[in-house]
Amino acid sequence: MKLSIIIPVYKVEEYVQKCLESIVAQDIPADDYEIIVINDGSPDNSKEIILEFQKHQPNLLFIDQENQGVSVARNRGLDVAKGDYILFIDPDDTIEENSLGTLLQHADEKAIDVMYLGLDSYDENGVFLFSSPAVGDENNTTDGFSHGRRTYPATLYKSKCIGDIRFVKGILRGQDSVFNAMVQSKAQRCTYFGKPYYKYTQRQDSSRQFVLSDKVFHSNLFAISVLNDFQKEHFPDPNAQQKKYFDEVISLFVQRSFEWNILPQKNKKNFNQLKSKLNQLGLDYILNDLSQKIKNCNQPFYLFLLLNWLDAKRNQLASFFKTK
């Protein structure tokens, strides 16, 4: 089988029908691809909609499970997938009609392990918002450490490149970033293909309070450990490029910890926990590297707060006099 499309479902009854319709409106035979839908204990009518759709779509495999989160749901899909390639699609998004044939042909011609795809964003009413920037050059194929990354779902993976890598349960935000970073580190051939493919729905963000929570902060610490452990296991003697690759992904979770938790709440306890975690893993230098984005984050806590407060006041004054 050529392709497996994995769709985790939870509370998307108003979107999932349209998503599935877009996936079957394609230019490849149904025998060439499978649609694996995992209902993650959704309490709405998503399950009934999917089962009704399945009656007319023999290549749709339905898996029903108790709610365990998106990582477990995607892993269930990976465990049963038979395709040479893997695509993940979120159930509130759609894909362009008749896009899969060209996409798969290009992947075969390039013999890719990871291929980033064209992605356009729309609002909830279907109004086009913008196209995401290219990730790499269509005419250039490189190894995973040399190629840029993007964590949106518009990515085609070679099944053999994924191997036994799975999404990590317990990472509450950015689980796709960790999965993508691990898989791409194993890739020998990465490229970008910009033909319109993925239609991403920008929904109203109702999760701000969640990302500010201690749960997400500790999840970020866990993600840092997972990435560090993966690098130590698979690249125990990394060269400079490999080290930089993993450091950049780890820095993403450090930055989020500051922006989502430490700065908004002026949280000394979590500031010290983050520094302790980085020290424990021998990653203290991450704070020095990050200090251009999160100013003075490598300083002691109260000095960090004071310098950021002074910097904010300086910017306010500069803005005030600029408008005079």
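Further up the page is the structure itself.
The structure reproduced in this document is the subject of the present report.

Reading guide: rules and limits
- Residues numbered from 1 in each chain as written.
- Predicted model: local features only at pLDDT ≥ 70, side-chain atom pairs only at ≥ 80, totals over all residues.
- Heavy atoms only, no water.
- Helix = DSSP H or I, 4+ residues; strand = E, 2+ residues; numbered from the N terminus.
- Rg over C-alpha atoms; globule rule 2.2 N^0.38 Å.
- Buried < 20%, exposed > 50% of the residue type's maximum accessible area, 1.4 Å probe, protein only.
- Lys, Arg positive; Asp, Glu negative; His and termini not counted.
- Charge placed at Lys NZ, Arg CZ, Asp CG, Glu CD.
- Core = buried A, V, L, I, M, F, W, Y, C linked by side-chain atoms within 4.5 Å.
- Contact = heavy atoms within 4.5 Å.
- Polar contact = N/O pair within 3.5 Å; in protein donor to acceptor, adjacent residues only side chain to side chain.
- Phe/Tyr/Trp six-rings, centres within 6.5 Å; stacked < 30°, edge-to-face > 60°.
- Lys NZ or Arg CZ within 6 Å of the ring centre and 35° of its normal.
- Salt bridge = Lys/Arg side-chain N within 4 Å of Asp/Glu carboxyl O.
- Arc of directions from axis to C-beta.

A separate point is the overall build of the protein chain. Assigned secondary structure in the protein chain consists of 12 helices and nine strands. Expected size for 324 residues packed as a compact globule is a radius of gyration near 20 Å; at 21 Å, the protein chain falls within 12% of this value. Here the C-alpha coordinates of the protein chain stretch approximately 65 × 45 × 45 Å along the principal axes. The burial tally for the protein chain puts 50% of its 324 residues in the buried class. When the 38 positive and 42 negative side-chain charges of the protein chain are each reduced to one mean point, those points stand 9 Å apart.

Turning next to the nonpolar core. Within soluble globular proteins, side chains that are nonpolar tend to cluster in buried spots. If you look at the biggest cluster of nonpolar residues, it comprises 56 residues, and the most contacted ones within it are Phe179, Ile224, Val254, Phe258, Leu274 and Phe304. Sorting elements by how many residues they give to this core places helix H9 (residues 240-265) first, with eight residues. For valine 254, the contacting residues outside a window of four places in its chain are Ile224, Leu274, Leu278, Ile286, Leu287 and Leu290. With 35 residues, the next largest nonpolar core counts Ile7, Leu100, Leu104 and Met115 among its residues.

Within the fold, asparagine 39 resides in strand S2 (residues 33-40). Exposure remark for asparagine 39: the relative accessible area of 3% places this residue in the buried category. Only 2.8 Å separates the side chain of asparagine 39 from the side chain of aspartate 64, close enough to count as a polar contact.

As a further point, take the packing of aromatic side chains. Taken as a whole and judged by the stated rule, the model has 19 aromatic pairs. Between phenylalanine 258 and phenylalanine 271, the ring centres sit 6.1 Å apart and the planes meet at 80°, which makes this aromatic pair edge-to-face. Remark: phenylalanine 271 occurs in helix H10 (residues 268-280) and phenylalanine 258 occurs in helix H9; sequence separation between them is 13 residues. In this pair, the class of phenylalanine 258 matches that of phenylalanine 271, namely buried. Among the aromatic side chains, those forming a connected cluster through ring pairs are Phe145, Phe230, Phe235, Tyr245 and Phe246. The ring of tyrosine 85 carries the charged tip of lysine 158 above its face, separated from the ring centre by 4.5 Å. Taking the ring centre of phenylalanine 253 as reference, the NZ or CZ of arginine 256 above it sits at 5.4 Å.

Moving on, we come to the side chain of serine 46. In this fold, serine 46 is placed in helix H2 (residues 46-54). Within polar-contact distance, the side chain of serine 46 engages the backbone nitrogen of valine 12 at 3.4 Å. Filtering out sequence-adjacent residues up to four positions away, serine 46 remains in contact with Val9, Lys11, Val12 and Glu13.

This part takes up the pattern of salt bridges. Applying the stated criterion to the full structure yields eight salt bridges. With a closest N to O distance of 2.9 Å, arginine 203 and aspartate 92 form a salt bridge. Taken together, the positions of arginine 203 in the loop between strand S9 (190-202) and helix H7 (208-211) and aspartate 92 in the loop between strand S4 (85-88) and strand S5 (94-95) put the pair 111 residues apart, joining distant regions of the chain. On the basis of relative accessible area, arginine 203 is assigned to the partly exposed category, the value being 35%.

This next bit is on the environment of asparagine 180. Here asparagine 180 is to be found in helix H6 (residues 175-185). Assessed through its relative accessible area of 1%, asparagine 180 is described here as buried. Considered as a pair, asparagine 180 and tyrosine 157 are 23 residues apart in the sequence and their alpha carbons are 9.4 Å apart. Leave out the neighbours within four places in its chain, and asparagine 180 touches Tyr116, Arg149, Arg150, Thr155, Tyr157 and Tyr245. In terms of polar contacts, asparagine 180 uses its side chain to reach the side chain of tyrosine 116, at 3.1 Å.

Here lysine 186 shows up in the loop between H6 and S9. Taking relative accessible area as the criterion, lysine 186 reaches 34% and is therefore assigned partly exposed. Lysine 186 sits 73 residues away from aspartate 113 along the chain, and the two C-alpha atoms are 8.7 Å apart.

Now for helix H1 (residues 16-24). Within the span of H1, buried status applies to Val16, Cys19, Leu20, Ser22 and Ile23. The buried residues of H1 all sit within an arc of 160° when viewed along its axis, so they share a single face. Summarising the contacts, the buried residues of H1 are in contact with strand S1 (3-9), S2, H2, strand S3 (60-65), S5 and helix H4 (100-110).

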